[in-house]
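Structure assessment
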Amino acid sequence: MTSLKDKPKALVTGASRGIGAGVALKLAQDGFHVFVNYSSNEARAKEVVSAIENAGGTAELCGFDVSSSTQIDEKMDWIASTYGPLAVLVNNAGITIDGLLLRMKDDDLDKTLSVDLKGAIYCTRAAAKQMMRARTGSIIQISSVIGEMGNAGQTAYSAAKAGLIGFSKSAAKELASRAIRVNVITPGFIQTDMTEALTDAQKEAILRSIPLGSLGTPADIASLVAFLASSASKYITGQVIGVNGGMYM
C-alpha cells in the first residue's frame, strides 16, 4: 500500500461544499492525498472527507482562515514537515457581499478582499515556498466570470476576482523558472447552494444569458482542475480559462 508521504498532496481551500468539495473529490479520485480546508463549517468538511474515504481515496481536515497569513503559514509548515511539499494548491475559498457601490460598507469591502484576493495571495506565497524547493507544482486559482465581465451590485467581488487574474499572471512569470505553473479558472453560474437560493425568475434570467442554456456543475470545474493539476498540462501557465457555457467569450 502506498504511504501518504509517497502520494502527491493537494490542498483545496473552501472545500466544505460546492465547487471546492467537487474539486477535492476529483483530485482524491486521481490519486492525491487531499487536505480539505474549511473556515467555520467543520461538519460539512467532515462529510467531504468521509465521501472521499468511502470512495477509496485519502483526505483529512485542514481548518484555517484564509484571510490570516499567520494561520496559513503555520498550516503550510505543518503539511510540509509532516507529509512533504504540496504538489497542487487550489485557491477556491471565496465570499460575496452584494450591494451597490454607493451603499458599500468599508467592512464589507475589507472582508471580500481579505478572503477572495488576499487569501489566495497568502496561500500562493506559502505554497510556492515549498514548491520552489521541490522544483515543481501547480497552483490553480478559482476566479469568476464576474471578474472578467463585471456585474452590477458586485463591485467588491468583481474587483477581488479580477485582481486574482492579474496577480496570477505575475506569479506565473515569477515561478516558471522552478517549473511551478499558475493558472486561473473563471467559472460562470454553477449549481451550488448559492444558486439554489435564487428565485425562479432570477434563474430564468441567468439561463437566457448563457448560450448553452444551462448552469454548470461542480464536476465541470473539477475536471478542468484535474487537468491543470496533472502532467498533461505541463506546458500551460499564466492562462485564464473560462467555464461559463458561453456567457462570456
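Before any of the text, the structure's been laid out above.
Below, the structure is looked at part by part. (Residues numbered from 1 in each chain as written. Predicted model: local features only at pLDDT ≥ 70, side-chain atom pairs only at ≥ 80, totals over all residues. Heavy atoms only, no water.)

Leu27, Val34, Val36, Val90, Ile140 and Val225 are the most contacted members of the largest nonpolar core, which has 30 residues in total. The set of elements that each furnish at least two residues to this core consists of β1 (9-12), α1 (18-29), β2 (33-38), α2 (42-54), β4 (88-91), β5 (137-142) and α9 (218-229). Here Val36 is in contact with Val12, Ala15, Ala24, Ala45, Val48, Val49, Ile52, Ala59, Glu60, Leu61 and Cys62, once residues within four sequence places are set aside. Leu89, Met131, Ala171 and Ile180 belong to the second largest nonpolar core, which has 25 residues in total. (Core = buried A, V, L, I, M, F, W, Y, C linked by side-chain atoms within 4.5 Å. Buried < 20%, exposed > 50% of the residue type's maximum accessible area, 1.4 Å probe, protein only. Helix = DSSP H or I, 4+ residues; strand = E, 2+ residues; numbered from the N terminus. Contact = heavy atoms within 4.5 Å.)

Looking now at the pattern of salt bridges. Taken as a whole, this structure holds five salt bridges when the rule is applied. As a salt-bridge pair, Lys26 and Asp30 come within 3.6 Å of each other at their nearest N and O atoms. Its relative accessible area of 24% is what places Lys26 among the partly exposed residues. You can call Asp30 partly exposed: its relative accessible area is 39%. Salt bridges linked by common partners bring Arg17, Arg44 and Asp193 together as one network. (Salt bridge = Lys/Arg side-chain N within 4 Å of Asp/Glu carboxyl O.)

On to α9. For α9, with twelve residues, the first-to-last C-alpha span of 16 Å sits near the 16 Å given by 1.5 Å per residue. Those residues of α9 not exposed but buried are Pro218, Ile221, Ala222, Leu224, Val225, Ala226, Leu228 and Ala229. On its buried face, α9 is in contact with α1, β4, β5, β6 (180-187) and β7 (240-243). (Expected span 1.5 Å × (residues − 1).)

What follows covers the side chain of Gln154. Summarising the element assignment, Gln154 is placed in the loop between α5 (146-149) and α6 (155-175). On the accessibility criterion, Gln154 (13% relative accessible area) is buried. At 3.0 Å, the side chain of Gln154 and the side chain of Asn151 are in polar contact. (Polar contact = N/O pair within 3.5 Å; in protein donor to acceptor, adjacent residues only side chain to side chain.)

On inspection of all chains with the given rule, the structure shows three aromatic pairs. Centroid distance Phe35 to Trp78: 6.3 Å. Interplanar angle 80°. Geometry classified as edge-to-face. Of this pair, Phe35 sits in strand β2 while Trp78 is found in helix α3 (residues 69-83), placing the two residues 43 residues apart along the sequence. Taking relative accessible area as the criterion, Phe35 reaches 0% and is therefore assigned buried. For the pair Phe35 and Tyr83, a centre-to-centre distance of 5.5 Å together with 65° between the ring planes defines the contact as edge-to-face. (Phe/Tyr/Trp six-rings, centres within 6.5 Å; stacked < 30°, edge-to-face > 60°.)

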